[in-house]
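Structural characterization, general
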Amino acid sequence: MTYYDVDWSSRFDFGGPRSLGMLRGVCLHTSEGNPNIGAEGLANYQLTSRTGSYHVIVDLSGKRLRENTDDWVTWSSGNKGNDILVHLCFTARADWSREQWLAQDRMLRAAATVVAHWCSTYRWPARSVNVAGLPGITTHDATRAWGGTDHTDPGPNFPHDVFERMVADAMNPTPTPGGGMNHDQDIRAQLTGSPNLGEYPGWPQLGGRTVVDALAAIGHKLGIDGFEAK
Ligand SMILES: [Zn+2]
C-alpha cells in the first residue's frame, strides 16, 4: 500500500536517524494557520523556516506528502514523542468543530490510509489512546503528559470515532462478494452464508451455493454418511 502521493523526504535534512524498533504509535497534529495552505505550501514553509517537520502531512484535497521516512526523527512534539512516534499533520485547526472536521471527508480518508499503513506495518491497534495506552493512535495533546510541549492539537473536537472506523476500513477493504460486510463477515458468508437472507448469494461457479452448501451437495451425491444436500 503506497501511503503517500508526493515524497519530499530527500529534502528534509533536519532531525536525525532512529531505529524502527523504537516506534510505539502514531501521533496526530494540526498545522494551525491557514488550512488552505496545501501540502506543498506547508512543507515549503517548514523547509525554509526549519520550525518543524512531520512524517506525513495531508491537506484538504486529500494529498499525502511524505516529509520524512519513519526511520528519521522529526521535529513534531516534545523529545520523547519525536523519538518513538510517527507523526501525521492535517492542514487544519485545533479549534475546529466536529462538523468542520467531518466536512473534510477527503482529508480524513486520505489520512486514514496513512495511519492504516503504519498500524499494519508495525502491528499497532487502530484505536485512539493516551500515551499510557500505546501502542495505538495518539495526539500531540496527549504527549503533554511526557512534558516538553504545550500543544493541544488536533483539538477537542477531532472525530476520533469516525477516524478510527476509516482506519479500520482502510486496513480491511471490503472484498467484492457480499459487499457492505467487513472482512471477517465476508469470509464467514462465503463459507456458510450470511445470517441475512439473500445478503450473500454464494458462488456462481458452485451453482449459487456457499462453500459449505457445495461440500454438502458433493458428499450427498457421493453417498457419504451424514452429508445432506440443502
Ligand atoms: Zn502538533
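Here is a short report on the structure shown in this document. Counting starts from 1 at the beginning of each chain's written sequence and moves along it residue by residue. Given that this is a predicted model, residues contribute local features only at a pLDDT of at least 70 and side-chain atom pairs are listed and counted only at 80 or more, while totals for whole chains, interfaces and linings are drawn from all residues. Working from all heavy atoms in the structure, the side-chain values ignore hydrogens and water.

Categorising residues by exposure relies on relative accessible area from a 1.4 Å probe, with only protein chains included: less than 20% of the type maximum marks a residue as buried, more than 50% marks it as exposed, and the intermediate range marks it as partly exposed. Secondary structure elements follow DSSP: runs of H or I no shorter than four residues count as helices, runs of E no shorter than two count as strands, and numbering proceeds from the N terminus. The element strand S7 (residues 85–90) is largely enclosed, with a buried count of six among its six residues. On S7, burial covers both faces: Leu 85, His 87 and Cys 89 on one face and Val 86, Leu 88 and Phe 90 on the other are all buried. In terms of strand pairing, strand S3 (residues 25–30) meets S7 through six bridges, oriented parallel. Across the sheet, the residue bridging to His 29 is Cys 89, located in S7. Bridge count between strand S4 (residues 56–58) and S7: three bridges; the pairing is parallel. What sits directly across from Val 56, in S7, is Leu 88. Each pair of strands is called paired provided DSSP finds at least two bridges between the two strands.

Another aspect to go through is the coordination of the zinc ion. With distances of 2.0 to 2.1 Å, the protein atoms coordinating the zinc ion are His 29 (ND1), His 140 (ND1) and Asp 153 (OD). Counting the intervening residues between successive donors of the zinc ion yields the motif H-x110-H-x12-D. Pair noted here: His 29 is in strand S3 and Asp 153 is in the loop between strand S8 (136–139) and helix H5 (160–171), with a separation of 124 residues, a long-range link. The class of His 29 is buried, set by a relative accessible area of 0%. With a relative accessible area of 6%, Asp 153 lands in the buried category. Donors, by definition, are the N, O and S atoms found within 2.8 Å of a metal, the threshold being 3.2 Å for Na, K and Ca, and water is not counted, so a site can look incomplete.

Hydrogen bonds between backbone groups are what pair the strands of a sheet, and the pairing can be parallel or antiparallel. The strand order S1-S5-S4-S7-S3-S8 describes an open sheet built from six strands, whose pairing is mixed. Because the sheet does not close on itself, it has two edges, and the strands there are strand S1 (6–7) and S8. The pairing of S3 with S8 spans four bridges and is classified as parallel. Within S8, the residue paired with Gly 25 across the bridge is Gly 136.

Further remarks concern a nonpolar patch on the surface. Patches in this entry comprise residues that are over 30% relatively accessible and not in a salt bridge; like charges within 9 Å are linked, as are nonpolar side chains (Val, Leu, Ile, Met, Phe, Trp, Tyr) within 5 Å. Only the protein chains shown count as cover for residues, with accessible areas throughout obtained via the Shrake-Rupley method and a probe of 1.4 Å. Any Lys or Arg side-chain nitrogen found within 4 Å of a carboxyl oxygen on Asp or Glu counts as a salt bridge. Nonpolar side chains collect at one region of the surface, where Ile 187, Leu 191, Val 211, Val 212, Leu 215, Ile 218, Leu 222, Ile 224 and Phe 227 lie side by side and expose about 760 Å² of accessible area between them. Only helix H6 (183–192) and helix H7 (211–222) provide two or more residues apiece to the nonpolar patch. Position of Leu 222 among the secondary structure elements: in helix H7. A relative accessible area of 62% places Leu 222 in the exposed class.

Before going further, it helps to spend a moment on unusual backbone geometry. Backbone torsion omega between Leu 134 and Pro 135 reads 10°, so that peptide bond is classified as cis. Structurally, Pro 135 is set in the loop between helix H4 (105–122) and S8. Following Asp 153, the chain continues to Pro 154 via a peptide bond in cis, the omega torsion being 10°. Take Pro 154: it is sitting in the loop between S8 and H5. The phi dihedral of Glu 32 is positive, around 60°, even though this residue is not glycine. Within the secondary structure, Glu 32 sits in the loop between S3 and helix H1 (39–49). We note that Arg 123 has phi near 55°; this positive angle belongs to a residue other than glycine. Looking at where Arg 123 falls in the secondary structure, it is placed in the loop between H4 and S8.

A complete count under the given rule lists eight salt bridges for this structure. The residue Asp 5 makes a salt bridge to Arg 64 at a minimum N-O spacing of 2.9 Å. Separated by 59 residues along the polypeptide, Asp 5 in the segment before S1 and Arg 64 in strand S5 (residues 64–66) bring together distant segments of the chain. Taking the relative accessible area as the measure of exposure, Asp 5 reaches 45% and is therefore partly exposed. The partner of Asp 141 in a salt bridge is Arg 144, with the nearest N and O atoms 2.7 Å apart. For Asp 141, a relative accessible area of 28% corresponds to the partly exposed category. Using a relative accessible area of 39% as the deciding quantity, one classes Arg 144 as partly exposed.

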